[in-house]
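Take a look at the letters that make up each chain.
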Amino acid sequence: MPSGSKISADALIILDLEEGKIVSCNTEAKELLGSEDSSEQSRSINGVEVAAIMRGLRGQRCISLPKISVHDSAGKVRALELRASSLDLGGKRLGFCSFKDVSALDEAELQVERLKRLSQRCASFLVERDEETLLQQIVAAALELFPSADGAAILLSQNNGHMKVGHLAGYPSAQQALHAELPLFDGFPLPLLEPETSGMIYNSREHDNPLSSTKRDSELVEMIKNVCGGRLPQCTMAVPVGLPTERIGVLILDAINKGDAFNERDLNLATIMGSHAGGALCYARNLKMAQERQEEIVSASQKRIEFVAGLVHEVRTPLTVFRGFLDLLMEENLSNDGRRYVELM
């Protein structure tokens, strides 16, 4: 089957059930058979033997196989739906087979399921308040939603112009880079921190891959080689983390041994994830700042109360002594003016 082609609903094969051979087939069916020669009884239709279809039609008028897995010449798995029926015509019993490519439907259902799982994971992000735990959840969710990835990491932008490895998992030597700080690399991931930028997919064989074309001795590239077992990944997908107007980091997924591991659908899904993850991280940070501010306010209020209480004590003690002396003076034989002065005090 040609690379990237799809089997249409008009892929038809006519079988002679008595003689046990293929009578005719159209162009689409010949592509499905993988050969222009369609006369062999035992010809396999991508794993489904024609002879098996014939045996089925000899026993019943109609058969249906809802899904047959097919590998095209590019190695991509496609799903075919088979419907076959038999008919007595001109003294012969013929079988008519129709194949329909339902790969697009399967891919759509898979994408919907992935979106549901992503929605569930993003909702769980907003529940978590601890940033360290949240980073672990984001990376774990990325590896779950993108099975083609061998490893995932989230890099966070720092005020000093560096990137910090917030968390990573799945790599052969992940712990070596945990919490490491690195200067920003001009080719990657700096562009992803710019407002309104979108995610990117890099393949190691591409000349425009910033990790494989220039600055091979940079600290970032060396770190990637170390965590990936001494080599650059064959395919990398990176998306910004944060709101469109404010980027706080980058989410990276690496396929170490497989090129073209990610596609545009993966990139769109990862972009959504990066946006929600960034929102959850910002919320957790703002909540932490609010809690710290609240604690500072409570602490300052407590100190003020303690200060006022100490001040009252310090003032009350000399006043008590002073009043005692006045009481003693009142007991003395004072002149009228002196007694009046004491009473005024």
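The preceding data block contains the structure.
Residues numbered from 1 in each chain as written. Predicted model: local features only at pLDDT ≥ 70, side-chain atom pairs only at ≥ 80, totals over all residues. Heavy atoms only, no water.

(A) Broad picture of the overall build of the protein chain. When helices and strands are counted, the protein chain shows eight helices and 13 strands. Counting only residues that meet the buried cut, the protein chain has 37% of its 345 residues in that class. Long-range pairs, those at least 24 residues apart, make up 54% of the contacts in the protein chain between residues at least 6 apart in sequence. Put simply, the protein chain shows about 19300 Å² of open surface, and 53% of that area lies on carbon and sulfur atoms. (Helix = DSSP H or I, 4+ residues; strand = E, 2+ residues; numbered from the N terminus. Buried < 20%, exposed > 50% of the residue type's maximum accessible area, 1.4 Å probe, protein only. Contact = heavy atoms within 4.5 Å. Areas by Shrake-Rupley, 256 points an atom, 1.4 Å probe, with all protein chains shown as cover.)

(B) Quick peek at the pairing of strand β8 (residues 151–157). Among the seven residues in β8, six count as buried, and that is most of the element. Both β8 and strand β13 (residues 246–255) contribute to a ladder of six bridges, which runs antiparallel. The residue bridging I154 from the neighbouring strand is L251, located in β13. In the sheet, β8 pairs with strand β9 (residues 162–169) via six bridges, with the strands oriented antiparallel. Along β9, the bridge assignment pairs L156 with K164. Where β8 folds back onto β9 in an antiparallel hairpin, the turn is made up of four residues, including G161, whose phi is positive at roughly 80 degrees. (Pairing = 2+ DSSP bridges.)

(C) How the structure looks around the pattern of salt bridges. Going through the model one piece at a time under the given rule, you end up with eight salt bridges. Two residues, R61 and D88, come together in a salt bridge whose shortest N-O distance is 3.3 Å. Taken together, the positions of R61 in the loop between α2 (50–59) and β5 (62–71) and D88 in strand β6 (residues 77–89) put the pair 27 residues apart, joining distant regions of the chain. When its relative accessible area of 42% is taken as the criterion, R61 is described as partly exposed. On the basis of relative accessible area, D88 is assigned to the partly exposed category, the value being 48%. (Salt bridge = Lys/Arg side-chain N within 4 Å of Asp/Glu carboxyl O.)

(D) Molecular detail of the pairing of strand β12 (residues 235–243). Summarising burial for β12: eight of the nine residues are buried, a large majority. Inspection of the sheet shows strand β11 (residues 200–203) paired to β12 by four bridges, in the antiparallel sense. Bridge pairing in β12 places M200 opposite A238. Pairing analysis gives nine bridges linking β12 to β13, with the strands arranged antiparallel. Counted as the bridge partner of G242 is R247 from β13. As consecutive antiparallel partners, β12 and β13 are separated by two residues.

(E) Representation of the environment of S275 within the structure. With respect to the helices and strands, S275 occurs in helix α7 (residues 264–330). The partly exposed category is assigned to S275, whose relative accessible area is 31%. For the pair S275 and V241, spaced 34 residues apart in the sequence, the C-alpha separation amounts to 5.6 Å. In this view, S275 contacts P240 and G242; residues no more than four positions away in its chain are not counted.

(F) Structural view of α7. Over its 67 residues, α7 extends 98 Å from the first C-alpha to the last, a length consistent with the 99 Å expected when each residue adds 1.5 Å. For α7, the side-chain oxygen to backbone nitrogen distance between the N-cap and R265 is 3.1 Å, and the N-cap itself is N263. (Expected span 1.5 Å × (residues − 1). Polar contact = N/O pair within 3.5 Å; in protein donor to acceptor, adjacent residues only side chain to side chain.)

(G) Local environment of the side chain of E128. With respect to the element layout, E128 can be found in the loop between α3 (103–127) and α4 (131–145). Side-chain polar atoms of E128 contact the backbone nitrogen of D130, separated by 3.0 Å. Sequence-distant contacts of E128, that is, excluding residues within four places in its chain, are made with T133, L134, Q137 and A284.

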